[in-house]
Amino acid sequence: MALCQVRLDLLDETRKLSFMIELRRLRALRELANRGTIAAAADALYLTPSAVSQQLAALEQQVGPPLLLPNGRTVRLTPAAEAVLAHADALFSELERMDATLAALAGGERGRVRIGAFSTAIRGLIVPAVGLLRDRAPAVELVVQDVESPEVFDLLARGELDLAISMESESAPRHDDERFARTPLMRDLLDVALPQDHRLAGEADVPLAALATEPFVAPPRGWSCEDVIRVGCAAAGFSPVVAHRSADWTAVMALVGAGLGVACVPRLAQDEPPPGVTIRPIAGDPPCRHLFIACRRGAEEHPALHSVVGAVQEVASRVVTAEASRVVTAEASRVVAAEAPQVIPAEAPAVADAA
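Residues numbered from 1 in each chain as written. Predicted model: local features only at pLDDT ≥ 70, side-chain atom pairs only at ≥ 80, totals over all residues. Heavy atoms only, no water.

## A short note on empty space enclosed by the protein
Step number 1: Counting across every chain of the model gives one cavity of 30 Å³ or more.
Step number 2: By volume, the largest cavity is sized at about 40 Å³.
Step number 3: When its residues are assigned to classes, the lining of the largest cavity shows four nonpolar, two polar and two charged. (1 Å grid on protein atoms, 1.4 Å probe; cavity = no way out; pocket = protein on both sides within 12 Å on 5 of 7 lines; lining within 4 Å. Points joined across faces, edges and corners; volume = space filled by probe spheres on them. Nonpolar A, V, L, I, M, F, W, Y, C, P; charged D, E, K, R; others polar.)

## So, the confidence of the model for the protein
Step number 1: The predicted model of the protein has a mean per-residue pLDDT of 86, with 86% of residues at 70 or higher.
Step number 2: Element-level mean pLDDT values for the protein span from 45 in strand 1 (residues 5-12) up to 98 in strand 9 (residues 215-218).
Step number 3: Confidence drops under pLDDT 50 across residues 6-19; counting only partners more than four residues distant or on other chains, this segment forms 22 contacts. (pLDDT = per-residue confidence, 0-100. Helix = DSSP H or I, 4+ residues; strand = E, 2+ residues; numbered from the N terminus. Contact = heavy atoms within 4.5 Å.)

## Thoughts on helix 3 (residues 49-63)
Step number 1: The end-to-end C-alpha distance of helix 3 is 21 Å, a good match for the 21 Å that 15 residues give at a rise of 1.5 Å each.
Step number 2: Backbone geometry just after helix 3 places Gly64 at a positive phi near 110°. (Expected span 1.5 Å × (residues − 1).)

## What about the nonpolar core?
Step number 1: If you look at the biggest cluster of nonpolar residues, it comprises 58 residues, and the most contacted ones within it are Leu125, Leu163, Ile165, Leu185 and Leu211.
Step number 2: Discounting chain neighbours no more than four positions away, the residues touching Leu211 are Val192, Leu194, His198, Leu200, Val206, Phe216, Phe238 and Val262.
Step number 3: Counting residues in each nonpolar core, the second largest holds 21 residues, with Ala28, Leu77, Leu85 and Ala88 among its members. (Core = buried A, V, L, I, M, F, W, Y, C linked by side-chain atoms within 4.5 Å. Buried < 20%, exposed > 50% of the residue type's maximum accessible area, 1.4 Å probe, protein only.)

## Comments concerning the pattern of salt bridges
Step number 1: On inspection of all chains with the given rule, the structure shows 26 salt bridges.
Step number 2: Arg136 serves as the salt-bridge partner of Glu314, at 2.6 Å between the closest nitrogen and oxygen. Residue Glu314 is located in helix 9 (residues 303-339), and its partner Arg136 is located in helix 5 (residues 119-136); the two are separated by 178 residues in the primary sequence.
Step number 3: Residue Glu314 is classed as partly exposed on the basis of its relative accessible area of 25%.
Step number 4: Within the structure, one salt-bridge network assembled from shared partners comprises Glu96, Arg114, Asp162 and Arg296. (Salt bridge = Lys/Arg side-chain N within 4 Å of Asp/Glu carboxyl O.)

## Some remarks on the packing of aromatic side chains
Step number 1: Enumeration according to the criterion identifies three aromatic pairs in this entry.
Step number 2: Each ring, one from Phe153 and one from Phe292, has its centre 6.1 Å from the other, and the planes form 20°; the classification is stacked. Note that Phe153 is positioned in helix 6 (residues 151-157) and Phe292 in strand 13 (residues 288-296), a separation of 139 residues in sequence. Taken individually, Phe153 and Phe292 each receive the classification buried, so the pair is uniform in this respect.
Step number 3: Counting every residue linked through ring pairs, the aromatic cluster contains Phe153, Phe180 and Phe292.
Step number 4: In this structure, Arg27 packs its charged tip against the face of Phe92, placed 4.1 Å from the ring centre.
Step number 5: Here the basic side chain of Arg182 rests over the ring of Phe292, its NZ or CZ set 4.0 Å away from the ring centre. (Phe/Tyr/Trp six-rings, centres within 6.5 Å; stacked < 30°, edge-to-face > 60°. Lys NZ or Arg CZ within 6 Å of the ring centre and 35° of its normal.)

## Concerning a nonpolar patch on the surface
Step number 1: Judged by side-chain polarity, Met98, Leu102 and Leu105 come together as a nonpolar surface patch covering roughly 350 Å² of accessible area.
Step number 2: Mapped onto the secondary structure, Met98 falls in helix 4 (residues 79-105).
Step number 3: The partly exposed category is assigned to Met98, whose relative accessible area is 49%. (Patch = residues over 30% accessible without salt bridge, like charges linked within 9 Å, V, L, I, M, F, W, Y side chains within 5 Å. Areas by Shrake-Rupley, 256 points an atom, 1.4 Å probe, with all protein chains shown as cover.)

## Brief notes about the packing of helix 1 (residues 23-35) against helix 3
Step number 1: Following both chains from N to C, one finds helix 1 and helix 3 inclined at 110°, their axes separated by 9 Å at the closest point. By the criterion of interaxial angle, the relationship of helix 1 to helix 3 is roughly perpendicular. Of the two possible hands of crossing, helix 1 and helix 3 adopt the one that is left-handed. Contacts from Arg24, Arg25, Leu26, Ala28, Leu29 and Leu32 in helix 1 reach Val52, Gln55, Leu56, Ala58, Leu59 and Gln62 in helix 3.
Step number 2: The residue inventory of the contact of helix 1 with helix 3, partitioned by class, reads eight nonpolar, two polar and two charged. (Axes fitted to C-alpha atoms, helices over the stretch in contact; angles between N-to-C directions. Parallel < 35°, antiparallel > 145°, perpendicular 65-115°, else oblique. Left-handed = near helix turned anticlockwise from the far one by under 90°.)

If you want it as structure tokens, here you go:
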């Protein structure tokens, strides 16, 4: 796509200018807007800063008005650059739609779909979706990559992934980011993992504020779920003291089982709690991961991508339904146990001493 050229006609006061703009130059400007520095844009595009600067200079020469202004050690975009980007994003979306239309004409639900997601989404959503796709779209081949936000969106924007499953967090794109189209999947509630002998292990649910003085076991810094946990604890009135970190939820819960702390664990990660761990719901309004699946805007019409998104949505719906049923069953069992009459054993009759 970098070699494609698009003809644009811009009105410059009293005369019309016609010229050809290379898409790679527009992409360089888009990455600069997203990342703030030429060096960061160069890293994202796998280019040198000098090459990015040359592309931006060539684009500015073609457009006419200045696109960049010095801003200390960096640069800032001019109103002309913002206007160019608004049209460039629409152009990128139209190219994706064209590709989707051609794919539909070529045979529809077939081909390779590259999807990136975090590990619990792979295990809980993508793997079950594979079975659905084998029955419904056998010509679709999934290629799965374990990758976190924000890297997953960098790969998606560069065309190295076709789909991305992620969650709302500081590292996720804004909802008004015109580069991506997103589809909501589910709310993945977090529960507390406690050592079995913890003072709160016998409670039906646990207020998060009751753990304010406890050492926490948490995901790595910068992970989206770490952001969700931090925000949830802040809403409960405290900042967690993190004593241990792990990128593996089974390891997180194992550390809890060893008595090294407590943890907030998403329900998609609770399929195999290790020995010594008690899982309890968080009282009140628990923190949760708002999961969604995204693609480049315009690509949502691609038949193969549409099949994959539909399968993942169905799996997410089944997970939510099963979780709701489990909660209702657990609550009913709790009520029955609470209302059951207590049986007090009668005292044994006194036996008279033998005369």
